[in-house]
Structures are given as C-alpha cells and as structure tokens.
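Inside the fold
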Amino acid sequence: MRYLYYIWQLLIAAPIILLSSILTALSVTIGCTLGNGHFWGYWPAHWWGKVIIRVLLLPVKIEGREHLQPGQSYVFVANHQGAFDIFLIYGYLGRNFKWMMKHQLRQIPLVGTACAAAHHIFVDKRGASKVKETYDRARETLREGMSLVVFPEGARTFTGHMGVFRRGAFMLADELQLPVVPMTINGSFNVMPRMRDMRFVSWHPLRLTIHAPIPPIGQGKENVQNAEEKSYQTIMDGLIPEYQGFVENPDQ
C-alpha cells in the first residue's frame, strides 16, 4: 500500500500540486496588485491548502472553531511541526489572516513575490530599524481588523517536540489588547518532517485544535507573560503524548 501511495504522489498528486502552486502564486500576486488585497491575499491560498491536503488523501480533523467570534481580530499562535502546518492552517482555520514569517522566505521564487503582494509580514531582525518596521506593519494590519498567525518558535521542529517561544507575537497582542488564540497541530511532523523536505509524503491524519482565546489581563509585562505561558502550556497539553515535553531546537 505504501508503494501505491508513492506512485499516486508521483503521477497524480505532484503535477496537481505544482500547477496549483503556480496558479495560486500568480492569482495572489495579480489579484492583490489590481484589486482587494484582503480577498486575493487569502482565498486563492485557502483553496490551495485544501487542494494539497485532499490530493494527498490526508484526513483532517478540526476542533474548537466555536471558540472564535465573528469580526474579532486575533493573534493565533501555533507549534511548528512541519511544512504541512501551512496547508492545514490555510485550508482549515476558516479565518482571513496574515502570516508573520521569516524575511528569508521573500527570496523563494513566486511564493516570496505573492507573500509580499498579499502584505504578509516578514520578520526582519537585521537591525533595530528593521525590527521596528516589522512591528509597524503588523500593527497596521491588525488595526484593519485582520488576524495574524504566528509560529512563536520561529523554526520547524527536528523532533516533533516544542522548543522555546519568542515573545514578539505576545508583545504585539499586548500593545493592541487583542486575544491570543493557541492552536495545537498534530500529525504534520509525521507527514513530512523538515529532515525529509521535498521527498515522498507519509500518510498520516492531521489535526488542528483551536483552543479558547486568552484575553488580555491588563497591559504590560504581566499580560505578555501570562499570554505566553498559558499559550505554551495549552499547546503542549494538546499534543499527542509522543511529542509532549520540551526538546531544544538548535535552529532557534
């Protein structure tokens, strides 16, 4: 059965994924340039995420959408198990949002151009002025009523376990007094860990758990610490037992 799945990936899934990726990047870039950036920056990628997961026959389970209120902006934070986190969140979170991502991703052909056109936020730490510019863009995006999705670890895991969280997303949520929504991703590491990038996918169910929002308890250091610690523990508790517990990530 495994080899039949590999043949399916090679002959059916790979051409569909390649074509859909090119069409998505082009439609986002052109649509955002000519029209509504919030629409074109999200919907083509939303269907792209679904197409990739469905063509690879991966089962998906979503839990906790009932926690989210219509029209409310959130700062979503999730563990970063692998490349399929992107497709899972795009395809199944069900909220229009912007990513906060490494500035190096801007260099990926087509994808980087599309992300820039869609006004996703590139995190650039090359000097104080670049950091300020990053957070200014994030503030502007969230003030427009959009939500933000962040991987606070800043790097994919090598083990399936969580590393440390960076505070940037929680400081931004504190400044704008927005709820932080922890999300736990299970299965993405099993489908394609970073050690097997660009290789065959392993069949495994994916699960996205959207936990209850963590509201601000004030403003300042205490609120940042509360949101960070509660998010970390909530996400950790949502992982399957095999991947619970901290493991240092040398890429952080």
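This text goes with the structure placed above it.
Before going into details, it helps to say that this report is about the structure given with it. Remember, predicted model here, so these are calculated numbers, not experimental data. (Residues numbered from 1 in each chain as written. Predicted model: local features only at pLDDT ≥ 70, side-chain atom pairs only at ≥ 80, totals over all residues. Heavy atoms only, no water.)

The number of helices and strands found in the protein chain is nine helices and seven strands. Relative to the compact-globule value of 18 Å for 252 residues, the protein chain shows a C-alpha radius of gyration of 18 Å, a close match. In terms of overall dimensions, the protein chain has C-alpha extents of about 55 × 45 × 35 Å along its principal axes. Burial status across the protein chain gives 50% buried among its 252 residues. A separation threshold of at least 6 residues defines the contact pool for the protein chain, and within that pool the share at least 24 residues apart is 75%. Carbon and sulfur atoms make up 62% of the accessible area of the protein chain, which amounts to about 12400 Å² in all. In the protein chain, which carries 25 positive and 19 negative side-chain charges, the distance between the mean positions of the two groups comes to 6 Å. (Helix = DSSP H or I, 4+ residues; strand = E, 2+ residues; numbered from the N terminus. Rg over C-alpha atoms; globule rule 2.2 N^0.38 Å. Buried < 20%, exposed > 50% of the residue type's maximum accessible area, 1.4 Å probe, protein only. Contact = heavy atoms within 4.5 Å. Areas by Shrake-Rupley, 256 points an atom, 1.4 Å probe, with all protein chains shown as cover. Lys, Arg positive; Asp, Glu negative; His and termini not counted. Charge placed at Lys NZ, Arg CZ, Asp CG, Glu CD.)

Among the structural elements, Asp-85 can be located in helix α4 (residues 84-92). One buried charged residue, Asp-85, forms no salt bridge at all, with the nearest opposite charge on Arg-156 at 7.2 Å. Of note is the side chain of Asp-85, whose polar atom sits 3.0 Å from the backbone nitrogen of Gly-82. Those residues in contact with Asp-85 that lie beyond four places of it in its chain are Asn-79, His-80, Phe-151, Ile-185 and Ser-188. (Salt bridge = Lys/Arg side-chain N within 4 Å of Asp/Glu carboxyl O. Polar contact = N/O pair within 3.5 Å; in protein donor to acceptor, adjacent residues only side chain to side chain.)

It is worth spelling out the nonpolar core at this point. Grouped together as the largest cluster of nonpolar side chains are 37 residues, with contacts concentrated most on Leu-56, Leu-58, Phe-84, Ile-89 and Met-183. Residue assignment for this core shows that the elements contributing at least two residues are α1 (2-34), α3 (43-55), β2 (75-78), α4, β3 (97-102), β6 (180-186) and β7 (206-210). Among the elements that line this core, the one with the most residues is α4, at six residues. Sequence-distant contacts of Leu-58, that is, excluding residues within four places in its chain, are made with Tyr-5, Ile-53, Phe-84, Val-191, Val-201, Ser-202, Trp-203, His-204 and Leu-206. Core analysis: the second largest hydrophobic core is formed by 23 residues, Leu-148, Leu-172, Met-236 and Leu-239 among them. (Core = buried A, V, L, I, M, F, W, Y, C linked by side-chain atoms within 4.5 Å.)

A separate point is the sheet that holds strand β4 (residues 121-123). If you trace the seven strands from one edge of the open sheet to the other, you get β1-β7-β6-β2-β5-β3-β4, paired in mixed fashion. Of all the strands in the sheet, just β1 (60-63) and β4 have a single pairing partner and so form its edges. With strand direction ignored, the average angle separating the axes of adjacent strands in the sheet is 20 degrees. Examined bridge by bridge, β6 and β7 share four bridges and lie antiparallel to one another. Bridged to Ile-185 within β7 is Leu-208. Its contacts with the sheet put α4 on β1, β3, β5 (147-150), β6 and β7, and the angle it makes with β3 is roughly 165 degrees. (Pairing = 2+ DSSP bridges. Axes fitted to C-alpha atoms, helices over the stretch in contact; angles between N-to-C directions.)

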